[in-house]
Amino acid sequence: NSTNFLAAQQQFSVSSESVLEVVMANGQKIQFDNAASMSLKRPNKLKAQRAGELVDQQMFYDGKTFTLFNPGAGLYATEAMPANLDAMLDKARDDFDIIAPASDLIYSNAFERLTKTATSGYIVGNTMIDGKPSTHLAFRTPGTDWQIWIADGAKPLPLKFVVTSVDVEGSPQFEVRLSNWNLAPNLADSVFEFKAPAGSQEIDFIVPASAPSN
């Protein structure tokens, strides 16, 4: 199982290219590209960065605090977080609407989370992703279809992930391709610690209106 294999890795780094599809009011579909990289060290360290048309941000989680930094604007916000990666990902999403790159795949119980509401799932077939023999799977959940392509062999790493929002008019898709997997990056704890650059300014997180009140 790919998600179990990934959950068993104590540290890794990966690059990704994502495409977010947006359906305009007139029905026209527009795509926005992002490049991202992520380094993870279990049980409670994460660093990620995104750059693209819609986003320019860096994330740091050192096991105690989570910091979101916008290097272009020189702004950052920091929040105390649980000392557990899964709990941090949940809090960042639920309280601040912040989702780390490929976060669906890095939870310790990712397969359970992804499939708990699935109404169907099957193997589409065998194919090649970026020159690697892979297995293509497809699942349906209420309001969402999703597909995943997993490398064959002893290291069943996810290579591609596609989510289709079937309950949104036009059924927009979100696609991620994962590459440059390194399962032994030997990451020092200092990698995950945010050090504010000279001239940068700390601000508060904006709490979405839908976030639960404390």
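What counts and what doesn't
Residues numbered from 1 in each chain as written. Predicted model: local features only at pLDDT ≥ 70, side-chain atom pairs only at ≥ 80, totals over all residues. Heavy atoms only, no water. Helix = DSSP H or I, 4+ residues; strand = E, 2+ residues; numbered from the N terminus. Expected span 1.5 Å × (residues − 1). Buried < 20%, exposed > 50% of the residue type's maximum accessible area, 1.4 Å probe, protein only. Contact = heavy atoms within 4.5 Å. Polar contact = N/O pair within 3.5 Å; in protein donor to acceptor, adjacent residues only side chain to side chain. Phe/Tyr/Trp six-rings, centres within 6.5 Å; stacked < 30°, edge-to-face > 60°. Lys NZ or Arg CZ within 6 Å of the ring centre and 35° of its normal. Pairing = 2+ DSSP bridges. Axes fitted to C-alpha atoms, helices over the stretch in contact; angles between N-to-C directions.

Peer 1: How should I be thinking about helix H2 (residues 85-96) in this particular structure?
Peer 2: Taking 1.5 Å per residue as the helical rise, H2 with its 12 residues ought to reach 16 Å, and the 16 Å between its terminal C-alpha atoms agrees with that figure. Listed in full, the buried residues belonging to H2 are Leu 85, Asp 86, Met 88, Leu 89, Asp 90, Ala 92, Asp 95 and Phe 96. Contacts made by the buried residues of H2 are with strand E2 (29-41), strand E3 (45-52), strand E4 (56-61), strand E5 (65-70), strand E6 (75-80) and helix H3 (110-115). At the N-terminal end of H2, a side-chain oxygen is found 3.0 Å from the backbone nitrogen of Asp 86, two or three residues along, and the residue is Asn 84.

Peer 1: Is there a simple way to think about the packing of aromatic side chains in this case?
Peer 2: Two numbers describe a pair of aromatic rings. These are the distance of the centres and the angle of the planes. Taken as a whole and judged by the stated rule, the model has eight aromatic pairs. A ring pair is formed by Phe 12 and Trp 181, whose centres lie 5.5 Å apart and whose planes are at 55°; its orientation type is tilted. A residue pair is termed long-range when its members are at least 10 positions apart, and Phe 12 in strand E1 (residues 11-23) and Trp 181 in strand E11 (residues 173-182) qualify at 169 residues. Look at Phe 66 and Phe 205: their rings are 6.2 Å apart centre to centre, the planes differ by 25°, and that puts the pair in the stacked class. Separated by 139 residues along the polypeptide, Phe 66 in strand E5 and Phe 205 in the segment after strand E12 (201-202) bring together distant segments of the chain. Judged by relative accessible area, which is 14%, Phe 205 ranks as buried. Through successive ring pairs, a cluster of aromatic residues spans Phe 60, Phe 69, Tyr 76 and Phe 194. Positioned above the aromatic ring of Tyr 107, the side-chain terminus of Arg 113 is 3.7 Å from the ring centre. Over the ring of Trp 149 we find Lys 160, and its NZ or CZ is 4.4 Å from the ring centre.

Peer 1: Could you clarify how one ought to interpret the side chain of Thr 141 in this entry?
Peer 2: Of note, Thr 141 is situated in strand E8 (residues 132-141). Ignoring anything within four residues of it in the chain, the contact list for Thr 141 reads Leu 114, Thr 117, Ala 118, Thr 119 and Trp 146.

Peer 1: Honestly, the environment of Asp 90 in this entry has me stumped. Any pointers?
Peer 2: Tracing the chain through its elements places Asp 90 in helix H2. On a C-alpha basis, the gap between Asp 90 and Ser 103 in space is 9.8 Å, while along the polypeptide they are 13 residues apart. With residues near it in sequence (within four places) discarded, Asp 90 still touches Tyr 107 and Arg 113. Here the side chain of Asp 90 touches Arg 113 through a polar contact of 3.2 Å, side chain to side chain.

Peer 1: Teacher, can you tell me more about the sheet that holds E5 here?
Peer 2: Strands belonging to one sheet form pairs held by backbone hydrogen bonds; the direction of such a pair is parallel or antiparallel. Sheet architecture is open: 12 strands sit in the order E7-E8-E9-E10-E11-E1-E2-E3-E4-E5-E6-E12, paired in mixed fashion. For this open sheet the edge positions go to strand E7 (120-129) and E12, each flanked by a neighbour on one side alone. As defined by bridge partners, E6 adjoins E12 across two bridges and the pair is classed as parallel. By the bridge assignment for E12, Leu 75 is matched with Gln 201. On the sheet, H2 packs against E2, E3, E4, E5 and E6 and is oriented at approximately 40° with respect to E3.

Peer 1: What's the story with unusual backbone geometry in this structure? I'm lost.
Peer 2: A cis geometry characterises the amide bond from Arg 42 onward to Pro 43, with omega recorded as 15°. With respect to the secondary-structure elements, Pro 43 resides in the loop between E2 and E3. Of note in the backbone geometry, Asp 130 takes a positive phi value of approximately 50° without being a glycine. Mapped onto the fold, Asp 130 is located in the loop between E7 and E8. Asp 130 gets classed as partly exposed once you look at its relative accessible area, which sits at 48%. The backbone phi angle of Asn 186 is positive, close to 55°, even though this residue is not glycine. Considering the arrangement of structural elements, one finds Asn 186 in the loop between E11 and E12. Under the relative-accessibility criterion, Asn 186 is labelled exposed at 67%.

Peer 1: Which parts of the structure should I look at to understand the pairing of E6?
Peer 2: It is a general feature of regular strands that their side chains alternate between the two faces of the sheet. In this structure, E5 lies alongside E6, joined through six bridges in antiparallel fashion. Among the inter-strand pairings, Phe 69 is bridged to a residue of E6, identified as Tyr 76. Taking the residues that link successive antiparallel strands as the turn, the E5-E6 hairpin has four residues, and the phi of Gly 74 there is positive, at about 70°.

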